[in-house]
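Now for the letters of each chain:
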Amino acid sequence: MFKNLLVRFGIVKILANYHCLLALSAFVWVWLYNGEFWHKVNTYIAQNTHNLTICDTYKTNEANKAKSNSEISTTLTTLATPTTVATKNAKNTKQALPKLDNAHQSSSSHSTSSALSSPPPPPKIHTLEQNKINQCSTSSTSPAKDSSAQSFARFWIKSSIFLATFLLLWAMLEILVFRAYAKSLLGVFFVVAGVCSYFLDSLHISFSASIIDSFLQTNPREASDFLSPSFALHFGIFVVLPLVILCATHLSAKRHSKALTPKSHKPKILLSLLASIALLYALQGTRIVDVFREQRLLFVLNPFAPIRASIDLAIDRATTPSHYTHLGEDATTNAKSKLFVLVIGESARAANFPYSGYDRDTTPHTAKVKSLVYFSDFTSCGVITAISVPCLLTHYPRKSYTHRNLSLYSDSALDIAKKAGYEVYWVSNNGGECIGGVCARLDKEKIIYFNQSGQLDADMLPTIKSIITKNTLAKSNTLLVVQLQGSHGARYDLRYPKEFEIFSPVCANNELSQCQKSHIQNAYDNSLIYTDFVLASIISLLNHTAQADIALWYMSDHGESLGEYGQYMHGGFPYSLAPQVQKQIPSFLWFKSNPALTQKLQSIKDKPYSHDFVFHTLLGLLEINTKDYDKDLDIFRD
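As the structure is a prediction and not an experimental result, all values here were calculated from the model.

Visitor: Would you mind going over the sheet that holds strand β6 (residues 372-374) in detail, with residue names and values included?
Guide: Ordered in space as β6-β15-β12-β5-β10-β8-β9, the 7 strands form an open sheet in which the pairing is mixed. Strands with a single pairing partner mark the edges of an open sheet, and in this sheet they are β6 and β9 (447-449). Strand-to-strand twist of the sheet, defined as the mean angle between neighbouring strand axes without regard to direction, takes the value 15°. Summarising the sheet, strand β8 (residues 423-428) and strand β10 (residues 478-483) pair through 6 bridges and their orientation is parallel. Bridging from a neighbouring strand, Y425 pairs with L480 of β10. Here helix α19 (residues 517-543) sits on the sheet and contacts β5 (339-345), β6, β12 (550-556) and β15 (587-591); the angle it forms with β12, its principal contact strand, is near 165°. Lying on the sheet, helix α20 (residues 595-604) is in contact with β6 and β15; it crosses β15 at an angle near 155°.

This is the structure in structure tokens:
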């Protein structure tokens, strides 16, 4: 029946033409599958309306000729200082915080609503060519004509970008797709474009090799957070429907011989497309390139961006080392009955911590702990867990961690600690196995996962207590690594029990872009308070042990975006382009009874540090002697 309708309206006949099918696919992708792409284009046009005028459009050639003899001047708009203030009743908030010894007991509700003003828009930086300013400023047009000119200019640049993108995608299809497997390959492209368009539009991310790797590393529990009725509807319209139409299409040379273009026409069509692109570039190339560069459109162009990112990931994986690097073969330690706990957080950003000047108290529990020192300037190795965790636990600094599988071919700090005689444990509530295989070589009984749906970080506390008690009695050197689920999005409200909902209302939607920013921030801050409670609980357990040589080091794997400039969560951009809130992370060290190191920490806490220092600082704190230790990357090297 559906196929009969397509035949009746002549759609099958059009689609039966191989090249028409490719062209129509490219057109549909540009028009319907690139909401985030056009959002960025519209943002650029809105920010640069004053520079999109008739004289700029019709005098492009003259401007390009004069460009070599003119200087580019830059005008910066006034940068508004954020004045976001989170207001709350301190007394009520203190009462609402659960007591440390009663993590999961219900308490009377003292939740306090907090209204956060939206952050100001990013500063607009406009680059104008001086000769264009002179040409346009000399025009004496009325306000009505100016408005008409600007409207035409906006239409012209948007149409040019649409045409350029359509021609580029069509040319890409002509190069990649041949008649023999056209339907199959186009079907794959429609699946990729349909699924990716949902995440592009709802999370406002971009696609890079790291984000593809992050998707591949996502476990079922995390993936379930993104499934929703809107995703099902989107999948039906943008994936299932195109696949049905493709299946109903019959590329038959016998039945539609007149409609088919001979195979030899492909080079002619490609040449025509390239000529059209060249002509468009001559007319409007400078402007189109500016928009693509300033808005990073290649990272959101669907399906080009995810395909390109997948190829980059495949190249990265293909160029990983072919041999394994053994480290710490000579490792020994001078430590006696040392207990060290390394806690790796999830998606916590430094901007929402009091030591960074944040107005809310998101660390009410650890703030009461003596001898605890926060680093004021600590950055991550990556903006996704799949990069950061393996990077911080291996000897590679960020610039050398060029392939996301490097940790599979090298010993980690955990391996070296084990070789030095430490009892090494990995306890995780982050879902799935340890990323990058950093714990793969530990004793199997010392790798403990909390992967059941609905499990919270505090559910690990009894296991952590058991490990501490066992190794305290044995007086053995122990390294305990705890990986939290922390503030993993998109459902921040599911990362803590109800009694920790200090700030409300909260976003309870896995489509963060559909929530108010203040509601997202409320849920996120509640998750930070819960993480703070878990950390303080672990320290409380350590304080009640007989051992004296005890320390705990906490750091997040990466930061998080909460809607600033339309960005949500993390990993949407490569590290060099990622916003600072995704790279600036909280980290603190606590020593039970080592005033000398605590005093040293106080003197260096404001220096810039990063995950690059974790591997060698950890070896130093564990008192491990090995030729693979680099004192220059030890925070306490002095």
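Having seen the model, we can carry on.
Visitor: I'd like to hear about the packing of aromatic side chains, residue by residue, with values.
Guide: Going through the model one piece at a time under the given rule, you end up with 32 aromatic pairs. An angle of 85° between the planes, with centres 5.4 Å apart, marks the rings of Y198 and F199 as edge-to-face. Residue class for F199 comes out buried when judged on its relative accessible area of 12%. Aromatic side chains F353 and Y374 sit 6.1 Å apart centroid to centroid with 55° between the ring planes, which places their arrangement in the tilted category. A residue pair is termed long-range when its members are at least 10 positions apart, and F353 in the loop between β5 and β6 and Y374 in strand β6 qualify at 21 residues. Summarising the burial analysis for this pair, F353 and Y374 share the class buried. One aromatic cluster in this structure is built from F27, W31, F37, W38, F162, F166, W170 and F292. Seen from the ring of F299, R308 lies directly overhead, with NZ or CZ sitting 5.5 Å from the centre.

Visitor: Describe in detail the pattern of salt bridges, supporting the description with residues and values.
Guide: According to the stated counting rule, one finds 17 salt bridges in the structure shown. Among the ionic pairs, K40 bridges to E36, the shortest N-O distance being 3.9 Å. Placement of the pair is K40 and E36 together in helix α4 (residues 35-47), with a separation of 4 residues, close to one helical turn. An identical accessibility class is assigned to K40 and E36; each is buried. In this structure, D443 and K418 form a salt bridge, with 3.2 Å as the shortest nitrogen-oxygen distance. Of the two residues, D443 is situated in the loop between β8 and β9 and K418 in helix α17 (residues 413-419); the sequence distance between them amounts to 25 residues. A relative accessible area of 28% places D443 in the partly exposed class. Here the salt bridges do not stand alone but share partners, grouping E329, D411, D415, K419 and R441 into one network.

Visitor: Could you give me a rundown of the packing of helix α3 (residues 18-32) against helix α10 (residues 182-203), with the residues and numbers involved?
Guide: Helix packing for two helices is described by the angle between their axes and how far apart those axes are. Viewed as axis vectors pointing N to C, α3 and α10 meet at an angle of 5°, and their least axial separation amounts to 12 Å. When the interaxial angle is binned, α3 and α10 end up roughly parallel. Of α10, the residues touching α3 (which contributes Y18, L21, L22, S25, V28 and W29) are A182, L186, F189, F190 and A193.

Visitor: A description of the environment of G187 should follow, citing residues and the corresponding values.
Guide: By the element assignment, G187 lies in helix α10. The class of G187 is buried, set by a relative accessible area of 8%. Along the chain, G187 and I245 lie 58 residues apart, while their C-alpha atoms are 9.9 Å from each other. Excluding residues that lie within four positions of it along the chain, G187 makes contacts with L243 and L246.

Calculation notes
Residues numbered from 1 in each chain as written. Predicted model: local features only at pLDDT ≥ 70, side-chain atom pairs only at ≥ 80, totals over all residues. Heavy atoms only, no water. Pairing = 2+ DSSP bridges. Helix = DSSP H or I, 4+ residues; strand = E, 2+ residues; numbered from the N terminus. Axes fitted to C-alpha atoms, helices over the stretch in contact; angles between N-to-C directions. Contact = heavy atoms within 4.5 Å. Phe/Tyr/Trp six-rings, centres within 6.5 Å; stacked < 30°, edge-to-face > 60°. Buried < 20%, exposed > 50% of the residue type's maximum accessible area, 1.4 Å probe, protein only. Lys NZ or Arg CZ within 6 Å of the ring centre and 35° of its normal. Salt bridge = Lys/Arg side-chain N within 4 Å of Asp/Glu carboxyl O. Parallel < 35°, antiparallel > 145°, perpendicular 65-115°, else oblique.

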